[in-house]
Structures are given as structure tokens and as C-alpha cells.
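Take a look at the letters that make up each chain.
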Amino acid sequence: MPADVETSLAGTGSPLVEGQHLHQPITDRLAIDIIDGGWPVGSSLTLEDIQNKFGVSRTVAREAARALESADAVTIRRRVGLVAQSPESWAALNPQVIQWKLHSTQRRQELLSLTELRLAIEPAAAEGTARRAPLDVKAKFPVLAVEMRRHGESGDLDRFHELDIEFHSLLLKSSGNELFAALAHIVATILRGRVEINMYPQRPAPEALDAHDAVADAIWKGDPARARDAMHDIVDEVSCALATDQINTDQTDADQTDAD
């Protein structure tokens, strides 16, 4: 694979490995090109175009085409090739699609949309976990919260993020609602993606750590209403951070325009 392809895909979170996953960075690049407008919606590429563009075999090009088609990113037409589809029609809850959007120029809007989804789901899931989870499962939350605080305050962010994903995944899976449980891998993708694109603070906010403590305590003590409120505080803190970041970005852009 040409070096420029590897460089252009750095940071997408996709492994550049041999064998069956060799098509993944090609798939990622093509999908992000559609989102960013580099591959216009409605236009087509053939397998030969992909082979020539990335310097890969026909087998790898075909696997990339199949992966894009499975996410509704393209349709494949005989004698035409891969036809780019509007991102609005893609499988929005497909973790791969979420990853693509988070690594595109649309990352901020995607994070805002995902945060709205979390606000609708996770407080209810926390309430369900406090109400229905077995005692041995409830006992895990205070332990996770303590470990999150320890690693977060010490600056061990890799371990902190692992624990954060474990905390939220366990909460969704223990809610007693199979639909919430099915979204655990999506929330994990959201949390991981925010870190990968450097849209997470250098250290977790004290308010976020306090809110995780509150959720854990409420679940352990079987207090559904308090668990719901505290989980809302966690996700709302993310929403506020994104809004603040957007204001700062808009101000920077305005200042730059004035300078020009």
C-alpha cells in the first residue's frame, strides 16, 4: 500500500494489518471522502479505479466495495461500479458509520447527535439498572467509579477511558431493557471515538467524576430516580463541553476573518 494512503488514514482507528483486514483503510478513506465531498454523491468508481487509486489488488478493492455496500454507503451497479450514496441514508447506528463520521469534517455534528441519543437513553438505563440489576452487578459500580476517579485524577487516561467504557456498557447491559443493552457497543464506540479525535479534555472534569460516583452510589442503594438524574448530569456535561468548544471555535473563526 502506498505510504500516502497510510498517512492519510492515520488517526481513523482502523488497523493497517495484513490479510482479511487489508481493505479496511481503503474502505475508511472512501467513506470519509463521500462524507467530506471528495467523492460526490451520485458519482461512481469502478474496482479498477480503486485499484489504481490505492495500489491494491482486485480482491482488496472488492472487499472494500462490499464493506461500503453493507453500510449503505454505496450501491453497486453492473457496468457502472460503486455509486456513492448520501450519508443521510447510511445505517446511522452502525458503529463503523459512526467511526467514519467522527473522523470526518462532520465530527462535531455527529458528536452532538450522538450526545442527544445518549441523553435520551442512558438516564433511563441508569434508572432501570438501579431498579432491576442483581446485587452482585450493582456492587460493581462503586468499584468502577472509585477506579475511574483514581486513574482520572492521576492522569492515567488510557486506563480511565477503558473503565469509563466498562461503566457505561455495564449500565446499559444491566438495565433490564434488551434494546438499551443492544446499544452498549454503540456507546462504547462513541466514547472511544471522542478520545481518538482529541475531543476529550486532558483530564476528566471533577463534575463528571462526581456524577459517576453519584450514579454508582444510587445504583448500589437501589435509588432509580437519583440514578437517572446523576446519569443525565454526566451526559449533559458532555453536551455543555461540546457547546462551549463550538463557541470558542466560532469566535476563533470570527477573529481570523476580522484579521484577514
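Residues numbered from 1 in each chain as written. Predicted model: local features only at pLDDT ≥ 70, side-chain atom pairs only at ≥ 80, totals over all residues. Heavy atoms only, no water.

Student: What exactly am I supposed to notice about the pattern of salt bridges here?
Tutor: Where side chains of opposite charge bring their charged atoms close, a pairing between them can arise. A complete count under the given rule lists 14 salt bridges for this structure. Note that Arg 29 is salt-bridged to Asp 33, the shortest N-O span being 3.3 Å. Note that Arg 29 and Asp 33 are positioned in helix H2 (residues 24-36) at a spacing of four residues, about one turn of the helix. As far as the burial class goes, Arg 29 and Asp 33 line up, both buried. Linking Glu 147 and Arg 150 is a salt bridge whose minimum nitrogen-to-oxygen distance equals 2.8 Å. Of this pair, Glu 147 and Arg 150 both sit in helix H8 (residues 140-154), three residues apart, which is roughly one turn of the helix. Classification of Glu 147 by relative accessible area gives partly exposed; the value is 25%. Residues joined by salt bridges that share partners form a network here, namely Arg 149, Glu 153, Asp 210 and Asp 213. (Salt bridge = Lys/Arg side-chain N within 4 Å of Asp/Glu carboxyl O. Helix = DSSP H or I, 4+ residues; strand = E, 2+ residues; numbered from the N terminus. Buried < 20%, exposed > 50% of the residue type's maximum accessible area, 1.4 Å probe, protein only.)

Student: What should I look at first to understand the environment of Pro 87 in this one?
Tutor: Of note, Pro 87 is situated in the loop between strand E3 (81-84) and helix H5 (95-102). Not counting chain neighbours up to four residues away, the residues in contact with Pro 87 comprise Ile 34, Ile 35, Val 41 and Lys 101. (Contact = heavy atoms within 4.5 Å.)

Student: Is there a simple way to explain H8 in this structure?
Tutor: It helps to recall that an α-helix has 3.6 residues per turn; residues three or four apart then point in one direction. Taking 1.5 Å of rise per residue, the 15 residues of H8 would be expected to cover 21 Å, and the 21 Å separating its terminal C-alpha atoms lies within 8% of that figure. Within H8, the full set of buried residues consists of Phe 141, Leu 144, Ala 145, Met 148, His 151 and Gly 152. Mapping the buried residues of H8 onto a view down its axis gives an arc of 140 degrees, with all of them on the same face. In this structure, H8 carries Val 143 and Val 146 as exposed residues pointing more than 90 degrees from its buried face. Summarising the contacts, the buried residues of H8 are in contact with helix H6 (107-132), helix H7 (135-138), helix H9 (157-173) and helix H12 (206-220). (Expected span 1.5 Å × (residues − 1). Arc of directions from axis to C-beta.)

Student: Can you help me understand the side chain of Ser 174 in this one?
Tutor: Looking at the element boundaries, Ser 174 is found in the loop between H9 and helix H10 (178-182). From its side chain, Ser 174 meets the backbone oxygen of Leu 170 in a polar contact 2.7 Å long. (Polar contact = N/O pair within 3.5 Å; in protein donor to acceptor, adjacent residues only side chain to side chain.)

Student: Could you clarify how one ought to interpret the packing of H2 against helix H4 (residues 58-70) in this entry?
Tutor: A pair of packed helices is captured by two measures, namely the crossing angle of their axes and the spacing between those axes. Contact geometry of H2 with H4 gives a least axis separation of 9 Å together with a crossing angle of 50 degrees. Classified by the angle between their axes, H2 and H4 sit oblique to one another. Of the two elements, H2 crosses H4, and the hand of that crossing is right-handed. Every residue of H4 that contacts H2 at Ile 26, Thr 27, Leu 30 and Ala 31 is listed here: Val 60, Ala 64, Ala 67 and Leu 68. (Axes fitted to C-alpha atoms, helices over the stretch in contact; angles between N-to-C directions. Parallel < 35°, antiparallel > 145°, perpendicular 65-115°, else oblique. Left-handed = near helix turned anticlockwise from the far one by under 90°.)

Student: Teacher, can you tell me more about the nonpolar core here?
Tutor: The nonpolar side chains of soluble globular proteins are, as a tendency, buried together. One finds Phe 141, Phe 167, Leu 171, Leu 172, Val 215, Ile 219 and Met 231 to be the most contacted residues of the largest nonpolar core, which totals 45 residues. The set of elements that each furnish at least two residues to this core consists of H5, H6, H8, H9, helix H11 (184-196), H12 and helix H13 (224-259). Other than its neighbours up to four places away in sequence, Phe 167 contacts Phe 141, Leu 144, Ala 145, Met 148, His 212, Val 215, Ala 216 and Met 231. Core analysis: the next-biggest nonpolar cluster, separate from the first, contains 25 residues, Ile 50, Val 56, Val 74 and Val 97 among them. (Core = buried A, V, L, I, M, F, W, Y, C linked by side-chain atoms within 4.5 Å.)

Student: Help me out: how do you make sense of the sheet that holds strand E1 (residues 44-45) in this one?
Tutor: Note on sheets: strands pair through backbone hydrogen bonds, and any given pair is parallel or antiparallel. Taken together, the three strands give an open sheet; going across it, the order is E1-E3-E2, and neighbouring strands pair in antiparallel fashion. Edge positions in the sheet fall to E1 and strand E2 (74-77), since each has one partner strand and no second. Judged from the four bridges that link them, E2 and E3 form a sheet pairing that is antiparallel. Of the residues in E3, the one forming a bridge with Thr 75 is Val 83. (Pairing = 2+ DSSP bridges.)

Student: Would you explain H2 in this entry?
Tutor: With 13 residues, H2 should reach 18 Å at 1.5 Å per residue; the first-to-last C-alpha distance of 18 Å fits that figure. With respect to burial, H2 is a largely interior element, twelve of its 13 residues being buried. Those residues of H2 lying buried are Gln 24, Pro 25, Ile 26, Thr 27, Asp 28, Arg 29, Leu 30, Ala 31, Ile 32, Asp 33, Ile 34 and Ile 35. In the segment just after H2, Gly 37 is the residue with positive phi, at about 90 degrees.

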